[in-house]
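# Summary of the model geometry
One-letter residues, chain by chain:
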Amino acid sequence: LSWIRAYYWGYSRASGEKIFRREEEGMLIFGMRVLFGYSAIAAGIMYMIVPAWFPFLYISLAAGWRWFGAFSIFVGLGVLFWVHWHLGYHFTDTVFVRGKNEIVQTGPYRWVQHPMYGTGILLCLGFALLSTNWYLGVAGVLHMCIVMFLRTPIEERKLLERHGQDYSEDRKSTRLNSSHQIIS
């Protein structure tokens, strides 16, 4: 997961544009993302190193559920790579709209307005099922829901400001478009 994002994050940083995450999405959203995101990562790493220290995080699951978790991760990583491949230069980890930004309408963006968010939820649930760790699922899904429901309206507004009618038309043509209203 991290290697996919790190490659495209570095690739997109080559533009030289300064991105101020706290200012772009606001301190509340930034703080909640850091809290839930980093705590899930830390919990996952600690759970992998010494699972005996965290018996209260364990959930008893049949082997079939763990296999389903592994399958979800496999599919999720493939979709995440596909999403990043089509975003390319336009990828950022915040709501920043690049100077040479264009509307991406290829790959998963033909059908879904924000495919990375659903993919993130799929990956979080997959990791929780595979690891049998309920906290990874809860913290990961909370992190993705914060991003999806609080950050998406900001992102939508910025894209509409930047692209106007073109982005409005793109939203209408996307089959699974955002259910959020543009905030003016």
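Everything discussed here concerns the structure shown above.
Residues numbered from 1 in each chain as written. Predicted model: local features only at pLDDT ≥ 70, side-chain atom pairs only at ≥ 80, totals over all residues. Heavy atoms only, no water.

### Observations concerning the packing of helix α3 (residues 27-49) against helix α6 (residues 134-163)
It is the contact of α3 with α6, at a shortest axis distance of 9 Å, that shows an interaxial angle of 155°. One element, α3, and the other, α6, form an angle in the roughly antiparallel class. Along this stretch, α3 crosses α6, giving a crossing that reads as left-handed. For the pair α3 and α6, contact is made by Ile29, Met32, Arg33, Phe36, Gly37, Ser39, Ala40, Ala43 and Gly44 and by Tyr135, Leu136, Ala139, Gly140, Leu142, His143, Ile146, Val147, Leu150, Arg151 and Ile154, respectively. Among the residues forming the contact of α3 with α6, the class breakdown is 13 nonpolar, five polar and two charged. (Axes fitted to C-alpha atoms, helices over the stretch in contact; angles between N-to-C directions. Helix = DSSP H or I, 4+ residues; strand = E, 2+ residues; numbered from the N terminus. Parallel < 35°, antiparallel > 145°, perpendicular 65-115°, else oblique. Left-handed = near helix turned anticlockwise from the far one by under 90°. Contact = heavy atoms within 4.5 Å. Nonpolar A, V, L, I, M, F, W, Y, C, P; charged D, E, K, R; others polar.)

### With respect to the nonpolar core
Grouped together as the largest cluster of nonpolar side chains are 10 residues: Ile4, Ile73, Leu80, Val83, Leu87, Phe91, Val104, Tyr109, Met116 and Leu123. Of all elements in the fold, only α4 (63-87) and α5 (115-131) reach the threshold of two or more residues within this core. Per element, the largest residue contribution to this core is four residues, and it comes from α4. Not counting chain neighbours up to four residues away, the residues in contact with valine 104 comprise His86, Leu87, His90 and Tyr109. Grouped together as the second largest cluster of nonpolar side chains are six residues, Ile121, Cys124, Met144 and Val147 included. (Core = buried A, V, L, I, M, F, W, Y, C linked by side-chain atoms within 4.5 Å. Buried < 20%, exposed > 50% of the residue type's maximum accessible area, 1.4 Å probe, protein only.)

Function-wise, these values are silent; they only describe arrangement.
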